[in-house]
Amino acid sequence: MKQQKLLSLIRQAIQDYNMIEDGDRIAVGVSGGKDSLTLLYAMKLLQEFYPKRFELSAITCNVGFEGMDFTGVAEFCKHLEVPYEQVDTEIARIVFQENKDTRPCSLCAKLRKGAMYQQLGELGINKMAYAHNKDDFIETALMSLIYEGRFYAFPPVTELPEAGVTVIRPMMYVPERGVAHFVADQGIRVVKNTCPVDGSTKRAYAKQLMEQINRGDARGEGQNHACDRERKVPGLATVVMGK
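Note that the structure is a prediction, hence the values are computed from the model and not measured.

Chemist: Looking at this structure, I do not really get the packing of helix α1 (residues 3-16) against helix α2 (residues 34-49). What am I missing?
Modeler: For any two helices packed against each other, one specifies the inter-axial angle together with the distance between the axes. Where α1 meets α2, the closest approach of the two axes is 10 Å, and the angle between their N-to-C directions is 80°. Taken together, the axis directions place α1 and α2 in an arrangement best described as roughly perpendicular. Residues Q3, L6, L7, I10, R11 and I14 of α1 pack against T38, L39, Y41, A42, M43, L45, L46 and F49 of α2.

Chemist: I keep staring at the pattern of salt bridges and nothing clicks. Help me out?
Modeler: Applying the stated criterion across every chain yields a total of five salt bridges. Between K127 and D24 there is a salt bridge, with the nearest N and O atoms lying 2.8 Å from each other. Pair noted here: K127 is in strand β4 (residues 127-129) and D24 is in strand β1 (residues 24-29), with a separation of 103 residues, a long-range link. Taking relative accessible area as the criterion, K127 reaches 7% and is therefore assigned buried. Since its relative accessible area comes to 6%, D24 is described here as buried. In this structure, K34 engages E176 in a salt bridge whose closest nitrogen and oxygen atoms are separated by 3.0 Å. Here E176 lies in helix α7 (residues 176-186) and K34 lies in helix α2, a separation of 142 residues in the sequence. The exposure class assigned to E176 is buried, which follows from its relative accessible area of 18%. Shared partners join several salt bridges into a network, and the residues in it are K34, D35 and E176.

Chemist: How should I be thinking about the sheet that holds β1 in this particular structure?
Modeler: Strand pairing in a sheet takes place through backbone hydrogen bonds and is either antiparallel or parallel in direction. Read from one edge to the other, the open sheet built from six strands follows the order β3-β2-β1-β4-β6-β5, with strand pairing classed as mixed. The strands lining the two open edges of the sheet, one partner per strand, are β3 (84-88) and β5 (157-160). Here the strands of the sheet are splayed against their neighbours by 25° on average, with no regard to which way each runs. In terms of strand pairing, strand β2 (residues 54-62) meets β3 through five bridges, oriented parallel. If you follow T60 over to β3, its bridge partner there is Q86. Against the sheet, helix α5 (residues 105-123) touches β1, β2, β3, β4, β5 and β6 (165-168), its axis set at about 140° to β2.

Reading the values: rules and limits
- Within each chain, residues carry numbers counting from 1 in the order of the written sequence.
- In view of the model being predicted, local features appear only for residues whose pLDDT reaches at least 70, and side-chain atom pairs are presented and counted only at 80 or more, with totals across whole chains, interfaces and linings using the full set of residues.
- Excluding hydrogens and water, the side-chain figures rest on all heavy atoms present in the structure.
- To get an axis, a line is fitted to the C-alpha atoms, and for a helix only the part in contact is used. The angle between two axes follows their N-to-C directions and goes from 0 to 180 degrees.
- The way it works is that DSSP assigns letters per residue, a run of H or I at least four long becomes a helix, a run of E at least two long becomes a strand, and they are numbered from the N terminus.
- Note on terminology: angles under 35 degrees are roughly parallel, angles over 145 are roughly antiparallel, angles of 65 to 115 are roughly perpendicular, and the others are oblique.
- Note on definitions: a residue-residue contact is assigned when non-hydrogen atoms from the two residues lie within 4.5 Å.
- Any Lys or Arg side-chain nitrogen located within 4 Å of an Asp or Glu carboxyl oxygen qualifies as a salt bridge.
- A simple rule labels every residue: compare its accessible area, found with a 1.4 Å probe on the protein chains alone, to the largest value its type can have, and call it buried under 20%, exposed over 50%, or partly exposed in between.
- Think of it this way: DSSP has to see at least two bridges between two strands before they count as a pair.

Put into structure tokens, the structure is as follows:
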């Protein structure tokens, strides 16, 4: 994806959902992955010409996984001239040693957000920008159908009065494939995720289902056989066919 296209999609989302107001102090949540680094890069460029003026910073929650090194993120922020905060925690120990739940992702996310929101409050930052892309929105909706029996996706804007923060998701129109191409073209170096359950989560399963569905559509299988039980993706059929 070209830089102009990326900025166009992000600006469109911001305008469609009125994500930015004059005087906002926005922090981009940076995990070190391709999406968050791309959003930070794009927001820095957007800051230069967007008609509504806003301050920009970046924040990382270090959950304490062994081998996670955010030195590259700090250097990237320095290169962009964006203030950077790293919040060091012991969330990894709490989630994987003290917590006996076999599904740690929800607790980890809750603790990470709590740690970052507390820091944002101390810094006087009123908006948090997450880098959920278009595929993330779709996968979240699919997960809610499969595991909860309801339709839910990320809200573009979420008011959190108890935390004193508004969450915005400016990358909601940007496809994941476009992000991957942009990072490769720009030579942006990502941080390797050392979480022990990375790649084996419910979200990873939903991503695999979407890839399988898309492969079927590319071959024309989804055009004339939408109700063909034999062509249903395993697992998704339970929801679609009401089993």
